[in-house]
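Secondary and tertiary structure notes
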Amino acid sequence: MAGLTQERVLDVLKQVKSPDGKGNIVDQRLVADLFVSDGRVVFSIKVPAEQAAGLEGLRQAAEKVVSVLPGAETVLVALTADKQPGTASTPPPSAAKSPKMGAPMPAKQEVPGVKHIVAVASGKGGVGKSTTSANIALALSAMGLKVGLLDADIYGPSIPKLMGASGQPEVVENRIMKPLEAHGIKLMSIGFLVEETTAMIWRGPMVVSALNQMLREVAWGDLDVLIVDLPPGTGDVQLTMAQKVPLTGALIVSTPQDLALLDARRGIAMFEKVAIPVLGVVENMSHFICPDCGGQHDIFGHGGAKAEAEKMKVPFLGEIPLTMEIRQQSDTGTPITVSNPQSAVSKAYGLIAAGLWQGVVQPSGDAARSAPKIVID
């Protein structure tokens, strides 16, 4: 029998009828971005934008016919909507009509077994958000909590490298994926489903669909908290999480630099606009500690994130310095909170995690509470 190849996948996908019922999705060239490697199959189905919301059955049918192929261990299928020339544009989520005052908000679908979901966000890239997400997840785990970590950055997944995890998720009953585990944390990332060098050239709708599968088609088990490492910015993924996922709150990561703070301000405003509590702000790369002399240098400035948090009336949870050890341990897949839990930096992550958890279990009313003062010797 032929092995699992792109040709074999396309052959079985000819069983799936196209939305107009006049052919199949392969002959009508609706299958795109097909990736097949080591038992993993990932592809998108291009559908008319105006019909996308009602074609979940089509996506499931395509996933099912591929899943029965010998060797197909993990199948990820997403719908992506193409606007046809001359058709009216579909308004983006931010332009959708808001519910009238007093009207109930649409119900958000819970994630079975997960008590709390916290999004870690930043207005711009390069501020160390993923490193912060990983170390805070580990610090929460060290507090005795059951923790999961979802890498929602489809274009640039960092969590597999940061956590030293590799391999392919095992598929259990009903095509549900079993998350990988590292350092006691349950993990899911697109990085486990495609090759490390694969460029994810996907449109927004496909990214959102893939994220929804990684969130809801995963056997997370019983978790006290699921940390979601969001991509930078305020686009489709952030809006989808805010509108369709029952987030307990969000954590904003920024450097003290004015440019980063400007984007962090937009991130805070976005979550507030969709009624998601901002549980706190973390100033990452707050200062550089010289490994030779031990001197402190404010490369990006200092204290900007704290001042911004006070201005926006959200909690400031603490600051993390820029050190060689953080970078080195992140590159080896053993974050500093695991490799050196007694270090001053690890203790700082621990205090930030404690402040974050306080906001999770003590929501609203005390939004502007002050966090413990954190000093890095």
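Just so we're clear, the structure is a prediction, and the values are computed from it rather than from any experiment. (Residues numbered from 1 in each chain as written. Predicted model: local features only at pLDDT ≥ 70, side-chain atom pairs only at ≥ 80, totals over all residues. Heavy atoms only, no water.)

Some details on the pattern of salt bridges
Evaluation of the coordinates by the stated rule reveals 7 salt bridges. Taking the shortest distance from any N to any O, the salt bridge between Arg59 and Glu63 comes out at 3.2 Å. Placement of the pair is Arg59 and Glu63 together in helix H2 (residues 56-67), with a separation of 4 residues, close to one helical turn. For the residue pair Arg59 and Glu63, the accessibility class agrees, reading buried in each case. Lys129 is paired through a salt bridge with Asp229; the nearest N and O atoms lie 2.7 Å apart. One end of the pair, Lys129, is in helix H3 (residues 129-142); the other, Asp229, is in strand E10 (residues 223-229), with 100 residues separating them in the sequence. Exposure class is identical for Lys129 and Asp229. Each is buried. (Salt bridge = Lys/Arg side-chain N within 4 Å of Asp/Glu carboxyl O. Helix = DSSP H or I, 4+ residues; strand = E, 2+ residues; numbered from the N terminus. Buried < 20%, exposed > 50% of the residue type's maximum accessible area, 1.4 Å probe, protein only.)

Considerations on the packing of helix H1 (residues 6-13) against H2
Helix packing geometry: the angle between the two helix axes and the distance between the axes. The contact between H1 and H2 brings their axes to 9 Å, and the two run at 130°. Between H1 and H2, the crossing angle belongs to the class labelled oblique. Handedness of the H1/H2 crossing: right-handed. Contacts between H1 and H2 involve Val9, Val12 and Leu13 on the former and, on the latter, Ala62, Val65 and Val66. A breakdown of the residues in the contact of H1 with H2 according to their chemical character gives 6 nonpolar, no polar and no charged. (Axes fitted to C-alpha atoms, helices over the stretch in contact; angles between N-to-C directions. Parallel < 35°, antiparallel > 145°, perpendicular 65-115°, else oblique. Left-handed = near helix turned anticlockwise from the far one by under 90°. Contact = heavy atoms within 4.5 Å. Nonpolar A, V, L, I, M, F, W, Y, C, P; charged D, E, K, R; others polar.)

Details of the packing of H3 against helix H11 (residues 344-361)
In the contact formed by H3 and H11, the axes pass within 9 Å of each other and the chain directions differ by 75°. Taken together, H3 and H11 sit at an angle that is classed as roughly perpendicular. Contacts from Thr131, Thr132, Asn135, Ile136, Ala139 and Leu140 of H3 reach H11 at Tyr349, Gly350, Ile352, Ala353, Leu356 and Trp357. Its residues placed into classes, the contact of H3 with H11 shows 8 nonpolar, 4 polar and no charged.

Things to note about the nonpolar core
Leu150, Trp220, Leu226, Leu230 and Phe271 are the most contacted members of the largest nonpolar core, which totals 46 residues. When residues of this core are traced back to their parent elements, those giving at least two are strand E4 (114-121), helix H5 (204-216), E10, helix H6 (236-244), strand E11 (249-254), helix H7 (258-273), strand E12 (278-289) and helix H8 (304-312). With 5 residues, the single largest contributor to this core is H5. Setting aside its immediate chain neighbours within four residues, Leu226 contacts Val114, His116, Ile117, Val118, Gly148, Leu149, Leu150, Leu215 and Trp220. (Core = buried A, V, L, I, M, F, W, Y, C linked by side-chain atoms within 4.5 Å.)

With respect to unusual backbone geometry
Located in the positive-phi region is Arg29, a residue other than glycine, with phi close to 60°. Checked against the element boundaries, Arg29 lands in the loop between H1 and strand E1 (31-37). Unusually for a residue other than glycine, His183 sits at a positive phi of about 55°. Within the element layout of this structure, His183 appears in the loop between strand E8 (180-182) and strand E9 (185-189).

Things to note about the side chain of Asp224
Among the secondary structure elements, Asp224 is positioned in strand E10. Using a relative accessible area of 15% as the deciding quantity, one classes Asp224 as buried. Side-chain polar atoms of Asp224 contact the side chain of Lys115, separated by 3.4 Å. Apart from residues no more than four positions distant in its own chain, Asp224 is found in contact with Lys115, His116, Leu145, Lys146 and Trp357. (Polar contact = N/O pair within 3.5 Å; in protein donor to acceptor, adjacent residues only side chain to side chain.)

Focus on the confidence of the model for the protein
In this model, the protein carries a mean pLDDT of 79, and residues with pLDDT of at least 70 account for 77%. Every residue in residues 83-105 scores below 50 in pLDDT, and together they form 7 contacts with partners more than four places removed in sequence or on other chains. This stretch, residues 365-377, has a pLDDT under 50; its non-local contacts, to residues over four places away or in other chains, come to 26 contacts. (pLDDT = per-residue confidence, 0-100.)

Describing helix H9 (residues 324-332)
Residues Ile326, Gln329 and Ser330 constitute the buried set of H9. In a view along the axis of H9, the buried residues occupy a sector of 105°, so they form one face of it. For H9, the elements touching its buried residues are H3, helix H4 (159-163), strand E14 (316-322), helix H10 (336-339) and H11. Gly333 sits one or two residues past H9 and shows a positive phi near 80°. (Arc of directions from axis to C-beta.)

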